Amino acid sequence: MPRKINASLFISLDGVVEAPDQWHFPYFDEEMGAAVGASLNTTEVMLFGRVTYDSFAGAWPGREAAGGDDAGFAKQLGDMRKIVFSRGRLDLDWRNSEQAHGDVAEVAAALRSEPGGDISLSGSVSVVRQLLAAGLLDELHLLVHPIAVRKGMRLFDEGEPSIPLKLLTSRTFTTGVLHLVYGPDTAPPTGGYEEAVATLPE
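Residues numbered from 1 in each chain as written. Predicted model: local features only at pLDDT ≥ 70, side-chain atom pairs only at ≥ 80, totals over all residues. Heavy atoms only, no water.

## Topic: helix α6 (residues 125-133)
Among all positions of α6, only Val125, Val127, Val128, Leu131 and Leu132 are buried. For α6, the angular spread of buried residues about the axis comes to 160°, placing them on one side. Just past α6, the residue Gly135 takes up positive phi, approximately 70°. (Buried < 20%, exposed > 50% of the residue type's maximum accessible area, 1.4 Å probe, protein only. Helix = DSSP H or I, 4+ residues; strand = E, 2+ residues; numbered from the N terminus. Arc of directions from axis to C-beta.)

## Focus on helix α4 (residues 71-79)
Residue pairs spaced three or four apart in an α-helix point in one direction, given the helix's 3.6 residues per turn. Turning to α4, its buried residues are Ala71, Ala74, Leu77 and Gly78. The arc that holds the buried residues of α4, viewed along the axis, is 120°, so those residues lie on one side. On the buried face of α4, the contacting elements are α1 (30-40), β2 (43-49), α2 (50-57), α3 (60-66) and β3 (81-85). (Contact = heavy atoms within 4.5 Å.)

## Describing the sheet that holds strand β4 (residues 97-99)
Pairing in this open sheet of eight strands is mixed, and the strands run β4-β3-β2-β5-β1-β6-β8-β7 from one edge to the other. At either end of the open sheet lies a strand with only one pairing partner, and these are β4 and β7 (165-172). Each adjacent strand pair in this sheet contributes to an overall mean axis angle of 25°, direction not counted. Where β3 meets β4, three bridges bridge the pair, whose relative direction is parallel. Looking at β4, one finds that Lys82 is bridged to Ser97. Sheet strands touched by helix α5 (residues 104-113): β1 (5-12), β2, β3 and β5 (118-122). Its angle to β3, the strand with the most contacts, is close to 160°. (Pairing = 2+ DSSP bridges. Axes fitted to C-alpha atoms, helices over the stretch in contact; angles between N-to-C directions.)

## Let's talk about the side chain of Ser39
Along the chain, Ser39 falls in helix α1. On the basis of relative accessibility, which here comes to 18%, the residue Ser39 falls in the buried class. Of the polar contacts made by the side chain of Ser39, one reaches the backbone oxygen of Val36; its length is 2.7 Å. Apart from residues lying up to four places away in sequence, Ser39 is in contact with Ser8 and Ser120. (Polar contact = N/O pair within 3.5 Å; in protein donor to acceptor, adjacent residues only side chain to side chain.)

## A short note on the pairing of β3
Across the five residues that make up β3, a large majority, four, are buried. Of the pairings in the sheet, the one linking β2 to β3 comprises five bridges and is parallel in character. Note that in β3 the partner of Phe48 across the bridge is Val84.

## Brief notes about the pairing of β2
In terms of burial, β2 is a largely internal element, six of the seven residues being buried. Note that β2 and β5 share four bridges and pair parallel. Looking at the pairing, Leu47 lines up with Leu121 of β5.

## A short note on the layout of surface pockets
Estimates place the volume of the second largest pocket at around 250 Å³. As for the second largest pocket, its lining consists of Arg129, Gln130, Ala133, Phe156, Asp157, Glu160, Pro161, Ser162 and Ile163. Classifying every residue of the lining of the second largest pocket by side-chain character gives four nonpolar, two polar and three charged. (1 Å grid on protein atoms, 1.4 Å probe; cavity = no way out; pocket = protein on both sides within 12 Å on 5 of 7 lines; lining within 4 Å. Points joined across faces, edges and corners; volume = space filled by probe spheres on them. Nonpolar A, V, L, I, M, F, W, Y, C, P; charged D, E, K, R; others polar.)

## Describing the environment of Ala66
Tracing the chain through its elements places Ala66 in helix α3. A C-alpha to C-alpha distance of 21 Å links Ala66 and Val36, two positions 30 residues apart in sequence.

## Observations concerning the packing of aromatic side chains
Within the structure shown, the criterion is met by four aromatic pairs. Both rings, one in Tyr53 and one in Trp94, keep their centres 6.0 Å apart while their planes meet at 45°; by these two values the pair is tilted. Note that Tyr53 is positioned in helix α2 and Trp94 in the loop between β3 and β4, a separation of 41 residues in sequence. As far as burial versus exposure is concerned, Tyr53 and Trp94 are alike and both buried. Members of the aromatic cluster, connected to one another through ring pairs, are Phe48, Tyr53, Phe56 and Trp94. Sitting over the ring of Trp94, Lys82 keeps its end group 4.6 Å from the ring centre. (Phe/Tyr/Trp six-rings, centres within 6.5 Å; stacked < 30°, edge-to-face > 60°. Lys NZ or Arg CZ within 6 Å of the ring centre and 35° of its normal.)

What follows is the structure in structure tokens.
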């Protein structure tokens, strides 16, 4: 079975994905922790943009060394192969980390064709956008928080071509967070205004 590429993002009701550390934590509970953990259980390789990698590398090795409640999760991240996309040269100290050689679509397509566990992203919005545009993202996990952040980068840019998606699964957490999983829609709905009007009751 070919390996999948999956991305998980914390996202606000108004589409903001930037700086979730400033608005996400009040909604984090055991339900969400289980969902996040489950998405990584089949993961063998993680892809990162530089900013997200720096954030992870600045936190998780220290948490693993501290031996606290999240040390097991930190070790799981550390043990995975981590590939970082950056235009500049990187010095990567976190174990099992390497810089990508080639553009996002090229590297991801090559990894996807290899045997092994799944390929995952957490954050790294610029990489997610490129994978979506290239048709290489198998699952997009959105943890939609019931808050309008009102500022910050949003998942989808204006002015780019449409990307049809289909809902694969959905779940509501007790906090009001929605866990929505989308995949590519190879046969999106068609039709226009006249077809829509024809479905209205008389």
